[in-house]
Amino acid sequence: MTATSPSSPAHPDANWWRQAAVYQIYPRSFSDANGDGMGDLPGVTARMGYLSALGIDAIWLSPFYPSALADGGYDVDDYRDVDPRLGSLADFDAMVAAAHAADIRVIVDVVPNHSSDRHRWFKAALAAAPGSPERARYHFLEGLPDGLGDDGGLPPSDWPSHFGGGAWTRVVETAGPRAGQLGQWYLHLFATEQPDLNWDNPEVREDFHTTLRFWADRGVDGFRVDVAHGLAKDMSPPLRSKPELEILVDDGSDPLFDRDEVHEIFAGWRTVLNEYNPPKAAVAEAWVPFTERRLMYARPTELGQAFNFDLLQAHFDGAEFRAIAEKCLSEAEASGASSTWVFSNHDVIRHASRYALPDSTTLETLNAWLMDDGVSPEPDLARGLRRARAATLFMLGLPGSAYLYQGEELGLFEVADLPHDSLQDPTWFRTGNTLKGRDGCRVPLPWSSSEPNFGFGGTPWLPQPEWFGHLAADAQDGTAGSTLEMYRAALKLRRELQAEESLEWLSAPGDEVVHYRRPNGWEVLTNFGGQPAQLPAGVDLSKLVLTSGGPAGTAGTAAEGATGATIAAETTLWLAP
Ligand code: GLC
């Protein structure tokens, strides 16, 4: 059966996602229409004009489902409803209709690795006895002897949780012979409130097909698949030791991640997604360090795309950026997918801040910086933003699709000094307040420099810093050279630039300048160095249409990004054919 959604955008193009610019909305922090301090779906609808003027092709919404927010909504109580604080299903439909009317596609997040502990299935599992069908939708196991007389007093394995602490929690039985006593343990690779689902159970598989159809029937155009590499697990006894969560092997034999069996699940999903015309798109969040393995999720017979976090993890370095782009493009092509690019999302420190820190920054010093409330090491914010803008224009010129995170178009920095008592990320609680976690990139957006709460709505659920005022959308709107105007110009020009999914690398003098040309003649040049660099011979600056260094297309254009024979430090230029 093939169904065409009544609200599909005007031009049903099955390949729309291949080179799309997709804007990630973290709904609680985007725009608050009802003034309760939490962003909502009517808030998204109200900002459709802004999104349309930005020039993006699609929005991806992080979870808006009913949730206790133990993990910012990635703890889902009901996969087929809207959190009442964020709106209703009718609000969702209105948002999709408004997006489609603006020719913007809609991608929603699916969270299949775990439900929340308030999901009806988990409640039923807790109410049922060990060995029951209700328990078999999750991973409930007996513990190991603790040597102190309790045969199940230790967790079934040494697996850690992503947010700190162990991955097993013991329950008090409510049914069966041990009612009233401590009993089995359940697995949660994330927070305690996020029990992992058992994907060997056909009922779990079938239910997610129902969820995909539920949203597809409501007109969504694609899905972002959370922790896609985690669904298949080797639970055969005895459980293998895995004291670190990192994936060290590229042969599918890790007990928890990127196992070969996961691909059967997504082949099943593709069958469901292909019931629609055009087929629904999907992108895997698979933190797999091996490009070839990661691209298995992106095969046309599976999800179609997988996030590529390589640039996100790279230093601002020309050789590194070029090597990553070359490798990812050629491997994406070989797999039949298109590459994806990401610098920021709701899980990482915003890239304008990352690039403001010394290149020697490691995860440890990054955390020290957050814990010291932004004091050490001292960030060079001007440099961070300059590099972020240059990196963005380098990336937006590449073939493939660009995933942008709300607020990066304003040049927002991480809010590094959030008061400790405002923090909400489970990382903060599960590490005994030693790691701050991800709240600093989730602070509600500044829309207006003069309105209360910077125009977000009610008193925001995370406090906004003073400096948001300078970066508010209305302060940048129409201001030549602002980050917002740079994004708007780039996203508009990008539609002309993205003719074919390929590029040619051109040689440039020195190591710092990287230069490429798209088949239709568009050229992109980035100087990654901290000093002005010589322009490659033959570059015709009269074709300059955009620079990350300041306004383009006006008198003085070239002076902002390039002069005569040089390109400014940490700057990208776009040259039209
Ligand atoms: C993904 C999400 C992250 C969430 C985790 C558990 O990595 O991006 O925000 O905490 O999955 O669902």
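Note that the structure is a prediction, hence the values are computed from the model and not measured.

Turning our attention to the overall build of the chain. Of the regular secondary structure elements, the chain holds 17 helices and 19 strands. Here the C-alpha atoms of the chain give a radius of gyration of 24 Å, agreeing with the 25 Å that 2.2 N^0.38 yields for 577 residues. Taking as baseline every contact in the chain between residues at least 6 positions apart, the subset at least 24 positions apart corresponds to 68%. Of the side-chain charges in the chain, 45 are positive and 81 negative, and the distance between the mean point of each set is 3 Å.

In the structure shown here, the tally under the stated rule is 40 aromatic pairs. For the pair W60 and Y403, a centre-to-centre distance of 6.3 Å together with 75 degrees between the ring planes defines the contact as edge-to-face. Remark: Y403 occurs in strand β11 (residues 401–405) and W60 occurs in strand β2 (residues 58–61); sequence separation between them is 343 residues. The buried category is assigned to W60, whose relative accessible area is 3%. The class of Y403 is buried, set by a relative accessible area of 4%. Plain terms: the ring middles of Y79 and F208 are 4.9 Å apart, the flat faces sit at 65 degrees to each other, and that makes the pair edge-to-face. Placement of the pair is Y79 in the loop between β2 and α3 (89–101) and F208 in helix α5 (residues 202–217), with a sequence separation of 129 residues. Residue Y79 is classed as buried on the basis of its relative accessible area, which comes to 4%. What links up through ring pairs into an aromatic cluster is the set F316, F321, F343, Y355, F394, W505, Y516 and F528. In this arrangement the basic side chain of R135 is found over the ring face of F140, its NZ or CZ atom lying 4.4 Å from the centre.

The domains assigned to the chain are domain 1 (16–112 + 202–230 + 256–476), domain 2 (120–187) and domain 3 (500–575). Here domain 1 and domain 3 have C-alpha centroids that lie 29 Å from each other. Taken together, the 22 residues of domain 1 in the interface contact 23 residues of domain 3. Roughly 1,900 Å² of surface becomes buried between domain 1 and domain 3 when both sides are summed, with 61% attributable to carbon and sulfur atoms. Counting the surface domain 1 buries against domain 3, the share from its top three residues, R322, L393 and F394, is 29%. Applying the counting criterion to the domain 1 and domain 3 interface returns 4 salt bridges. The partner of E570 in a salt bridge is R387, with the nearest N and O atoms 2.8 Å apart. Taken together, the links from domain 1 to domain 3 amount to 12 residue pairs in polar contact (both at pLDDT 80 or more). Elements represented by at least two residues in the side of domain 1 that touches domain 3 include exactly α9 (318–335) and α12 (381–396). If you tally residues by element for the side of domain 1 that touches domain 3, the top one is α12, at 8 residues.

On to the site of the ligand, then. Around the ligand sit 14 residues, and of these D71, H114, D226, E285 and D347 come closest. Between an oxygen atom of the ligand and a side-chain N or O atom of D347, the distance comes to 2.5 Å. The separation between an oxygen atom of the ligand and a polar side-chain atom of R438 is 2.9 Å. Protein contact buries 96% of the 300 Å² of open area that the ligand shows by itself. Among the residues making up the shell around the ligand, the classes are represented as 4 nonpolar, 3 polar and 7 charged.

Before going further, it helps to examine the sheet that holds strand β5 (residues 168–172). With respect to topology, 3 strands assemble into an open sheet ordered β4-β6-β5, the strand pairing being antiparallel. Strand pairing shows two members of the sheet lacking a second neighbour, β4 (140–141) and β5, which therefore form its edges. With 2 bridges joining them, β4 and strand β6 (residues 182–187) adopt antiparallel strand pairing. Paired with F140 across the two strands is Y186, which belongs to β6.

Further remarks concern unusual backbone geometry. A negative phi angle characterises most non-glycine residues, just as the trans form characterises most peptide bonds. Looking along the chain, the bond that leaves P237 and enters P238 is cis, with omega of -10 degrees. Note that P238 resides in the loop between β7 (222–225) and α6 (262–273). Cis geometry is found at the peptide bond from N277 to P278, where omega equals 0 degrees. Looking at the secondary structure, you find P278 in the loop between α6 and β8 (281–284). Positive phi outside glycine occurs at L69, with the angle close to 65 degrees. The buried category is assigned to L69, whose relative accessible area is 19%. Here D103, not a glycine, exhibits a phi torsion of approximately 65 degrees, which is positive. Relative to the elements of secondary structure, D103 occurs in the loop between α3 and β3 (105–110). For D103, a relative accessible area of 31% translates into the label partly exposed.

Going residue by residue along β8, you find A281 and V283 tucked away on one face and A282 and A284 tucked away on the opposite face as well. Note on the crossover from β7 through α6 to β8: the handedness is right-handed. In terms of strand pairing, β8 meets strand β9 (residues 304–306) through 3 bridges, oriented parallel. Counted as the bridge partner of A284 is A306 from β9.

With that settled, consider the environment of F92. Mapped onto the elements, F92 comes out in helix α3. Taking relative accessible area as the criterion, F92 reaches 0% and is therefore assigned buried. Through-space distance from the C-alpha of F92 to that of L381 is 38 Å; in sequence the pair is 289 residues apart. If near-sequence neighbours (up to four positions away) are discounted, F92 is found in contact with L41, F64, V82, V108, W215, R218 and V220.

Parameters and conventions
Residue numbers run consecutively from 1 along every chain, following the written order of its sequence. Owing to the predicted nature of the model, reporting of local features is limited to residues with pLDDT of at least 70; listing and counting of side-chain atom pairs is limited to 80 or more, with chain, interface and lining totals taken over all residues. To obtain the side-chain values, all non-hydrogen atoms of the structure were included, while hydrogens and water were left out. For the purposes of this entry, the term helix denotes a DSSP run of H or I that reaches at least four residues, the term strand denotes a run of E that reaches at least two, and both are numbered from the N terminus. The globule rule is 2.2 Å times the number of residues to the power 0.38, and the radius of gyration it is compared with is taken over C-alpha atoms. Two residues qualify as a contact provided that any one of their heavy atoms is within 4.5 Å of a heavy atom in the partner residue. For the charge count, each Lys or Arg is scored as positive and each Asp or Glu as negative, with His and the chain ends excluded. One atom stands in for each charge, and that atom is NZ of Lys, CZ of Arg, CG of Asp or CD of Glu. Between rings of Phe, Tyr and Trp, where Trp is taken as its six-membered ring, a pair exists when centres lie within 6.5 Å; planes separated by under 30 degrees are stacked, by over 60 edge-to-face, and by other angles tilted. Here's how the labels work: a residue is buried when its accessible area is under 20% of the maximum for its type, exposed when over 50%, partly exposed in between, all with a 1.4 Å probe on protein chains only. We count a charge as sitting over a ring when the NZ of a lysine or the CZ of an arginine lies within 6 Å of the ring centre and within 35 degrees of the ring normal. These domain boundaries are the output of an automatic or database domain assignment. Accessible area that two parts lose when put together, with a 1.4 Å probe and added across both, is what the buried area reports. Between Lys or Arg on one side and Asp or Glu on the other, a salt bridge is scored when a side-chain nitrogen of the former is within 4 Å of a carboxyl oxygen of the latter. Polar contact is the term for a pair of N or O atoms within 3.5 Å; when the atoms are in protein, one must be able to donate a hydrogen and the other to accept it, and sequence-neighboring residues count only if both atoms are side-chain atoms. Neighbouring residues are identified by heavy atoms, a residue being near a molecule or strand if any of them is within 4 Å of it. Accessibility throughout is a Shrake-Rupley quantity obtained with a 1.4 Å probe, and a residue counts as covered only by protein chains that appear here. In the scheme used here, Gly and all other residues not listed as nonpolar or charged are polar, with Ala, Val, Leu, Ile, Met, Phe, Trp, Tyr, Cys and Pro taken as nonpolar and Asp, Glu, Lys and Arg as charged. For two strands to be treated as a pair, DSSP must find no fewer than two bridges joining them. Handedness of a crossover is defined as follows: orient the strands so they point away from the viewer, and if the path from the first strand over the helix to the second runs clockwise, the crossover is right-handed.

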